[in-house]
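# Examination of the molecular architecture
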Amino acid sequence: MITICFLALFIALIPLISILIEVIINGISQLNFNFLTQEIYPLGLAGGGIGPAIQGTLIVIAIASLIGIPIGVFSGIFLGEYPYSKITFAAGFLNDILSNMPSIVIGIFTWILIVSITGWSVFAGGFALGLMMIPLITRATEESIKIVPSNLREAALALGIAQWKTTLTITVPTAKKGITTGILLAISRIAGETAPLLLTILGSRFFFTSFFEPTAALPLTIFNSSQSPFRDIDWPKAWGASLVLILIVLVLNIIVRLLTREKFKR
Amino acid sequence: MSKTSRAKKKPKSINIKSTGDSIFKSFLGIITFLIFIILGLLILILTLNSSLSIETYGFSFLWGTEWNPTPAGGGAPIFGVLPPLLGTLTSSLIAILISFPISIGIALALSEFTKKKINFWLSFLVELLAAIPSVIYGLWGIFTLIPILSQYVYPAIQDVLGFIPLFQGATHGYNILTGGITLAIMIIPTITAISRDIFAAVPDSQREAIIALGATKWESTKIVRKYGRSGVIGAVILGLGRAVGETMAVTMVIGNSFHLFDSLFDPSYTLASLIANEFTEASSPEVYLSALIEVGLVLLILALVVNVIARLIIRYTKRKFRGVETF
């Protein structure tokens, strides 16, 4: 019976290994300087690259972080420091609900709120992804703050430091590692999101022009190339872009894991 | 002495407060309140913008089977979402049926049968499954999974079970079963992570007690499984919530066909795929956009209900453990 459990583990890891191998094998042949920097060619036209997609992804992540990190961290600090407040329980609950919202629903929301007024734009995409980041970062921050030993706080308070100052200068820096890993995980999560981007930045083949114009992004480019009827030409590009995307995600996740490993004593 | 579970009681607070404290707390509190606002706006705005469609079609939207923004012959557009609704529910159900045993097995293996060091890295690998972006699952699905399924697995299934109408039809791979299988792989990490936490939360005293009674290693997990049962149900429902909302991977493998499926090997549709495929093109008539937003509303409510139920179950389970006797 125990072997069956380990068999289950093995079965689950097969797709993981398969995906990683496929992406690496199919994508590595695409990786060269040109591919990473050139403009995206139309479907069916050989050549070109994914430069705008990489740039677009980075920009949209930056905007999302500007929205998601402050709101997420501050909310997390509140939930962690004031667990007995009236709104804490409800906020925590709603936070969990929000974190599981279908990403396309967030996309529709953003579309109505922003795109229907100012058109397809990077800003809208960043907004949508930022909305998705908030619950992830909030929860991670809350957990990290709660883990800070209370004697640290008590020592500071005993010295006469105001509570708010204690939080800012002692508790939060102590929780820094957990907060950082939360942020990194949130970034890795939204880097690969396609659905909200479909409805907000629309995608494009060109490099970034303005914050209120459509832009390219890695997941969108992958999706578009994968739907192309010209398989020989466009599928390799999709794999190349996938490799870049997976590398970004993997690096972030590995960093997080290395940061969170406990130092095994002796 | 058994402790009864109780609501959290606020400990006596320190009375020395500076004005900075109230400002700080209010500032943080306002930002936290944003979450309420976001969620509220989400429901409100989606409802408002689908009002046109709701007024036009009413409940027939939910059980209508035709979706035509521009009927030939110039009649009024007609929208009904029963096929994608069933598609979403069915593919998610398939996903749960497949992933449930696998996830429980992994969770047990990780919480009961492995040492901490290996556990750490194995858990990492399982979490990597969750980290892989949805499009890449879709790409892999088209390129690797579907060929394997359509050439080897599906014909084999059809040989054995082909007499059941549910397993008849052409097995070209882009169908609802593939959608379910892909979803299953994607939600395994979700169910596993929560189940593993729940199993780990079972007090060691229980394990020690049952081993003291002479249980084998596997039998000693009986107590874990019994205690964790409701929590695992919560985890599974949470996985269902994730499966319901998944868009890209499913869109790429499910065939995107709007008819009610008769067999698992038929192509099908999901609510999310419908939105993803048609939203950018929906300019006229005006009720088209409203209908698509209503699809989003249906999806939102579905995900909301499933997630609320799941979270409540998980919270209740964790609270139950706190009241368990410990020496």
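Basis of the calculations
Residues numbered from 1 in each chain as written. Chains lettered and ligands numbered in written order. Predicted model: local features only at pLDDT ≥ 70, side-chain atom pairs only at ≥ 80, totals over all residues. Contact = placed C-beta atoms within 7 Å. Helix = DSSP H or I, 4+ residues; strand = E, 2+ residues; numbered from the N terminus. Nonpolar A, V, L, I, M, F, W, Y, C, P; charged D, E, K, R; others polar. pLDDT = per-residue confidence, 0-100. Core = buried A, V, L, I, M, F, W, Y, C linked by C-beta atoms within 7 Å. Buried ≥ 20, exposed ≤ 12 C-beta atoms within 10 Å, placed from the backbone. Expected span 1.5 Å × (residues − 1). Bend = angle between axes of the 7 residues up to and from the residue.

Looking now at the interface of chain B and chain A. With 74 residues of chain B at the interface, the matching set in chain A holds 67 residues. At 18 residues, the largest contribution of residues to the side of chain B that touches chain A is made by helix α1 (residues 19–49) of chain B. In the side of chain B that touches chain A, the residues fall into 51 nonpolar, 15 polar and eight charged.

A few words now on the environment of Ser50(B). Residues and elements named next belong to chain B. Inspection of the secondary structure assignment puts Ser50 in the loop between α1 and α2 (51–57). In the structure, Ser50 is positioned 238 residues away from Tyr288 in sequence and 9.8 Å away in space, judged by C-alpha atoms. In this structure, Ser50 is in contact with Ser290, Ile293, Glu294 and Leu297, ignoring residues within four places of it in sequence.

Turning our attention to unusual backbone geometry. Notably, Leu202(A) is not glycine yet its phi reads approximately 70°, a positive angle. Within the secondary structure, Leu202(A) is located in the loop between α10 (195–198) and α11 (218–226). Of note in the backbone geometry, Asn256(B) takes a positive phi value of approximately 50° without being a glycine. Summarising the element assignment, Asn256(B) is placed in the loop between α10 (248–253) and α11 (271–278).

Detailed reading of the predicted coordinates is not advisable wherever pLDDT is low. Mean pLDDT over chain A: 88, with 98% of residues reaching 70 or higher. Mean pLDDT in chain A bottoms out at helix α2 (residues 33–37) of chain A, which sits at 82, and peaks at helix α6 (residues 122–147) of chain A, which reaches 93.

Grouped together as the largest cluster of nonpolar side chains are 180 residues, with contacts concentrated most on Ile108(A), Leu245(A), Ile136(B) and Ile275(B). A total of 16 residues in this core trace back to one element, the largest contributor, which is helix α12 (residues 286–322) of chain B. Every residue in contact with Ile136(B), bar those within four places of it in the chain, is listed here: Ile19(A), Val23(A), Ser242(A), Leu245(A) and Ile246(A).

Along an α-helix, residues three or four apart share an orientation, since each turn contains 3.6 residues. Residue and element names in this part refer to chain A. Compared with an ideal rise of 1.5 Å per residue, which puts 31 residues at 45 Å, helix α3 (residues 51–81) spans 44 Å between its outermost C-alpha atoms and is within 8% of the ideal. Taken as a whole, α3 carries its principal kink of about 30° at Ser65. Most of α3 sits out of view: 24 of its 31 residues are buried.

Ala91(A), Gly92(A), Leu94(A), Asn95(A) and Leu98(A) are the residues of helix α4 (residues 86–99) of chain A that are buried. Structurally, α4(A) contributes buried residues whose contacts are with α3 and α6 of chain A together with α1 of chain B.

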